[in-house]
Amino acid sequence: MAKKTKDLSSIPVGKLVPEEAELELTRLVEEIAAADKAYYANDKPQITDAEYDALRRRNLLIEKRFPKLKRPDSPSDKVGAAPSAKFEKAKHAVAMLSLDNAFHDEDVADFVKRVRKFLGLGDDEKVYFTAEPKIDGLSLNLRYEGGVLLVAATRGDGETGENVTANALTISDIPKRLKGAPDILEVRGEAYMSHDEFETLNARLEREAEEEGKAHEPFANPRNAAAGSLRQLDAAITASRPLHFFAYSWGEISEPLAETQWEAVARLKKLGFKINALTARCQSVEDMLAHYRGIEAQRARLGYDIDGVVYKIDRLDYQERLGFVSRAPRWAIAHKFPAEKATTVLEKIDIQVGRTGKLTPVARLKPVTVGGVVVENATLHNADEIERKDIREGDTVVIQRAGDVIPQVVEVIVGERKKGARKYKFPETCPVCGSHAVNEVNPATGKADVDRRCTGGLICNAQAVERLKHFVSRNAFDIEGLGTKQIEAFHEDGTIKEPADIFTMEKRQRAGKIDLYRYDVDDAGARKKDKNGKEKPPTNKKSVDNLFEAINARRAISLPRFINALGIRHVGETNARLFASHYGSFEAFYEAAKAARDDQSEAYQDMLSIDGIGALVAQGVVDFFDETHNRNAVDNLLKEVTPQEAEKASGDSPVAGKTVVFTGTLETMTREEAKARALALGAKVSGSVSGKTDYVVAGPGAGSKLKKAEELGVAVLTEEEWARLANR
Ligand code: IVH
C-alpha cells in the first residue's frame, strides 16, 4: 500500500521523518548498487561522479541521523576493502621525493646557475622554468592501469606509502577512469582542503561531538584536516569530508606524456585532472621572481593554503639529465614564503640530551598560535646562540615558524625584560647523568664544536633511550606499535636495554621472564590501573601479540635501514644509502669499518673514495665500531636480524657495481653530470685510482690518474666508449 506519492529525494535529510528515511535508504542502496554496476562491471557510467558522490553522501547523512535504520547491506560499509586496523603498505614504483628549499631571491638565482652549469649551457642558451604554487596538503600517488584507478597511496617515507585507495575513490577531483591515457600512468599531486570547508568541517565535528557528549579536538589547520580525513580507516567518513586534488607531477609512465613539464601538465588537465591555474612558464630569474611576488600578493585570497612557489626546469630531457641528489631533484626547488612570526613569553630553558650526547637547549614558551599551529617549544640550537641573542628565562621573545621547520626564537624584546633577569648559564654537566659536558674538537677542522656533549656514553640513560628511539624510528626499523613512549617505558623497567632485546621479548615473555601484559601497550606504555590505583588484570593480549608480529616482520631488513638504525655519528639516511650501495652487504661494511681504524689502510682510503663520504663521516664510522659495547650490541642484533643485501641502483646495467674514475676534460657532458649518471646506473664513482678501480674514463688533458691506471693495468676508456658501455 505504500504508494510512492512524493519524491523524497528532494527533502533535506534534516527534515525526513523515520518512515521517509527508511524508504530513502532503500532507494539509495538500489541506486548506488546500479551505479556501481554500470561503472565497474559494464564500463558505462550512467551518472556523473558528482551525482554519485551526492548519493553516497546523502546515504551517509541519513544513516548518521537515524543510526538504527542503517541497513545491513549499506553502501557505506562497502567502499573499497573492509575497514582494517591499519592501512596496507603500497610500495612506490618510482620514489616520491621531497624538494630542496630556497628562502631568498639569491637562492633562486643560484639554483638557476647550478642547473645551467650542470647541463653545461652557454650564456646565450635559453632555459625555461615553470613556476606554480606549492600546495600545503598531503601528496598522493594515483596509479592508473588501462585507464582505471587501481591504487592511491600516500607518500609515506618516499619508498613506501599507505594504500588509501578506498578513500581516494571518494574525492570527486580524482578521476576514476581516464580516456586516452598511457597504459600505465601514475599521477602525483596534492590533496587539500579549502579554508571555508575547513571551518565548516570543524564546526560540524564540534556540533556532532557535543550532541554525542564527546570531547572534541578541532583540527589545527586545513592540512591536518585533509590528512586526518584521508587517513580514515572508514572510507565513508572520508566521503563526508570535502577534499580536493591538484595534479602537478607523475611517477611511473609507460610512455612519455610530453616533452616539457608545461605540456605534460596540460595533458593531465586534458585527461580530467585539476591543475593549478597560477602556473606560469618563465624565461629568466626575473620572470620567476615576478611570478613568485604575484602569487604571494594573492596568497591570502586563494582560499587554500600554499607555502611557497615551486620552480621546475621545463624540458623533460633536462630533468632526466639533472636527476636527483639524495632525496630531492636537481631540476626543481621550492621557494618558500617568509616564516610567520609571533610574540610570546619564554618561560624556561630546558636541556635535552640527544642520542649522540648533544645537549640542546629548548625554549618552553607560553603557548601561542603561529600560522594556524599552537607552538609551545622552540629550539635554541646551542650555547652560542643563547649567548649571541642574550636570551634569558622570562624574556618576551619573537618566534617564527616556516612550514614544517621547528619554531625558532628570532630575537628578544629587550625593552620588556623584567628587572633582575639573569644571564643564562649553560650547564657544564649532563642534566640526566651528571657526566661532564664538553665541546669536542672536530677532527676535520681542528676547531672546537659549538655543541656541548655529555661524555657519559651508554651510562647516560638519555643517550641510551634516544638511541633506541632512533633505532625504531620511521626511516630505521619502523616497528608498528613500538614508538617513543613504549621505548621509554620498556627502557625504564629494564625490558629493553639494547636493540637486540626488542627481538628477544617474545621468547622472554613465553618463558615468563617478563610480563608485557602489565602494559597497555596501545596507550603509550602506561600501565592500566583501576580507580584505586591498582593495576588492572591483563586485557591486552591481542595488542601484545600484534606487537610481536610487527617485531618479527622486521627480522629481515633492508641494508640502508639497518645501517641508519645503528645511530652512527654523521650517518643518517643518506650516508647509510651510500654505504649500502658501496659495500653491498653488512658484513662487507662491518669488515671495512674495522679495517679502516688504520687511516693509512686501503679500507680507509676506499671508504673515503665513496662520493659524498668525507673524513668526518668516516671517522664517525671508525669510532663507532671501535667501541666494544657497540660491536657487542651489533653482534647481538645480528643473531636476531638479517640485513638484506643492498639493491643495486640499476642491477641490469653492465656498469652496476663497477668503480669508475673520471679524469681529464669530458666533451659531451659536464663532469658532474657524468658522475651523477654513473651513480644512477649503480656504478661507484671514485676520485682516486687504486687496485679496486674497474674503469678510468680519460678525456683530453688527463694526467697523473691516467698514468696510475696504466701502471696498475686498469682499463682506460674514452668518453665515447664509456657512454656506449653505460647505455648498452
Ligand atoms: S613537485 C620530485 N609541485 O611538496 C618532487 N610538489 O616539499 C616533485 N608539493 O612532496 C614534487 N605542491 O607533496 C611539487 N606544485 C607542487 C607541489 C609540490 C606541493 C609538495 C609535494 C612534495 C613536497 C616537497
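This one's a predicted model, so the numbers in the text were calculated from it and none came from an experiment. (Residues numbered from 1 in each chain as written. Predicted model: local features only at pLDDT ≥ 70, side-chain atom pairs only at ≥ 80, totals over all residues. Heavy atoms only, no water.)

Along the protein chain, the regular secondary structure elements total 24 helices and 26 strands. If one aligns the C-alpha atoms of the protein chain with their principal axes, the spans along those axes are about 100 × 70 × 65 Å. Across the 728 residues of the protein chain, 47% fall into the buried class. For the protein chain, the accessible area works out to roughly 37200 Å², and carbon and sulfur atoms hold 50% of it. A distance of 3 Å separates the average location of the 109 positive side-chain charges in the protein chain from that of its 115 negative side-chain charges. (Helix = DSSP H or I, 4+ residues; strand = E, 2+ residues; numbered from the N terminus. Buried < 20%, exposed > 50% of the residue type's maximum accessible area, 1.4 Å probe, protein only. Areas by Shrake-Rupley, 256 points an atom, 1.4 Å probe, with all protein chains shown as cover. Lys, Arg positive; Asp, Glu negative; His and termini not counted. Charge placed at Lys NZ, Arg CZ, Asp CG, Glu CD.)

The next subject is the site of the ligand. Around the ligand, the structure places 14 residues, and the nearest of them are Glu-132, Ile-135, Ser-139, Glu-190 and Tyr-248. Pro-133 has a polar backbone atom sitting 3.1 Å from a nitrogen atom of the ligand. In the complex, the protein chains occlude 88% of the 530 Å² of accessible area that the ligand would expose alone. Of all the elements in the fold, those that place two or more residues in the shell around the ligand are β3 (129–135) and β10 (306–313). (Near = heavy atom within 4 Å. Polar contact = N/O pair within 3.5 Å; in protein donor to acceptor, adjacent residues only side chain to side chain.)

Before going further, it helps to spend a moment on unusual backbone geometry. Of note, the phi angle at His-381 is positive, near 65°, even though the residue is not glycine. Tracing the backbone shows His-381 in the loop between β16 (373–379) and α11 (383–389). For Asp-478, which is not glycine, the phi dihedral falls at a positive 45°. Relative to the helices and strands, Asp-478 is located in the loop between α12 (461–472) and α13 (484–492). Overall, the relative accessible area of 26% leaves Asp-478 in the partly exposed class.

Before going further, it helps to examine the sheet that holds strand β24 (residues 684–685). Two orientations exist for strands paired in a sheet by backbone hydrogen bonds: parallel and antiparallel. Within the open sheet, the four strands sit side by side as β24-β23-β25-β26. Their pairing is parallel. At either margin of the open sheet sits one strand with a lone partner, and together these are β24 and β26 (715–717). In the sheet, strand β23 (residues 659–663) pairs with β24 via two bridges, with the strands oriented parallel. Across the sheet, the residue bridging to Thr-659 is Lys-684, located in β24. Sheet strands touched by helix α22 (residues 671–680): β23 and β24. Its angle to β23, the strand with the most contacts, is close to 170°. (Pairing = 2+ DSSP bridges. Contact = heavy atoms within 4.5 Å. Axes fitted to C-alpha atoms, helices over the stretch in contact; angles between N-to-C directions.)

Glancing now at the sheet that holds strand β8 (residues 244–253). Ordered in space as β5-β4-β7-β8, the four strands form an open sheet in which the pairing is antiparallel. In this open sheet, the two strands that pair with only one neighbour each are β5 (148–154) and β8. For this sheet the average axis-to-axis angle between neighbouring strands, irrespective of direction, equals 25°. Relative to β5, strand β4 (residues 138–145) runs antiparallel, the two being bridged by six bridges. Along β5, the bridge assignment pairs Leu-142 with Ala-152. Against the sheet, helix α6 (residues 222–230) touches β4 and β7 (184–192), its axis set at about 40° to β4. The strands that helix α8 (residues 261–270) touches are β7 and β8; relative to β8, the one it contacts most, it runs at about 115°.

Before going further, it helps to spend a moment on the confidence of the model for the protein chain. Mean pLDDT over the protein chain: 88, with 92% of residues reaching 70 or higher. Confidence drops under pLDDT 50 across residues 522–526; counting only partners more than four residues distant or on other chains, this segment forms 10 contacts. Low pLDDT, under 50, characterises residues 535–539; the predicted model gives this stretch nine contacts beyond four residues in sequence or across chains. (pLDDT = per-residue confidence, 0-100.)

Locating His-570 in the fold gives a position in the loop between α16 (559–565) and α17 (573–583). Considered as a pair, His-570 and Thr-26 are 544 residues apart in the sequence and their alpha carbons are 63 Å apart. If near-sequence neighbours (up to four positions away) are discounted, His-570 is found in contact with Asn-575, Leu-616 and Val-617.

Okay, the packing of aromatic side chains next. The tally for this structure, following the rule as stated, stands at 21 aromatic pairs. Consider the rings of Tyr-144 and Phe-273, whose centres lie 5.8 Å apart with planes at 85°: the pair is edge-to-face. On the criterion of sequence distance, the pair formed by Tyr-144 in strand β4 and Phe-273 in the loop between α8 and β9 (280–282) is long-range, its members being 129 residues apart. Phe-273 shares its class with Tyr-144; the two are buried. A connected cluster of aromatic rings, assembled from ring pairs, spans Phe-471, Phe-477, Phe-503, Phe-562, Phe-579, Tyr-583, Phe-586, Phe-589, Tyr-590, Phe-624 and Phe-625. In this arrangement the basic side chain of Arg-315 is found over the ring face of Tyr-318, its NZ or CZ atom lying 4.0 Å from the centre. (Phe/Tyr/Trp six-rings, centres within 6.5 Å; stacked < 30°, edge-to-face > 60°. Lys NZ or Arg CZ within 6 Å of the ring centre and 35° of its normal.)

You can see Arg-417 is positioned in the loop between β18 (408–412) and β19 (437–441). A polar contact is formed between the side chain of Arg-417 and the side chain of Asp-395, at a distance of 2.8 Å. In this structure Arg-417 touches Asp-390, Arg-392, Asp-395 and Val-412, once residues within four positions along its chain are discounted.

Residues of α22 that are buried include every one of Glu-673, Ala-674, Ala-676 and Ala-678, and no others. Packed against the buried residues of α22 are α3 (105–119), α10 (316–322), β23, β24 and α24 (719–727). Looking one or two residues beyond α22, the residue adopting positive phi is Gly-682, at roughly 95°.

In contact at an axis separation of 9 Å, helix α18 (residues 586–595) and helix α20 (residues 615–626) are set at 90° when each is read in the N-to-C sense. For the element pair α18 / α20, the angle class is roughly perpendicular. Across from Phe-586, Phe-589, Tyr-590 and Ala-593 in α18, the residues of α20 making contact are Val-621, Val-622 and Phe-625. Tallied by class, the residues present in the contact of α18 with α20 amount to seven nonpolar, no polar and no charged. (Parallel < 35°, antiparallel > 145°, perpendicular 65-115°, else oblique. Nonpolar A, V, L, I, M, F, W, Y, C, P; charged D, E, K, R; others polar.)

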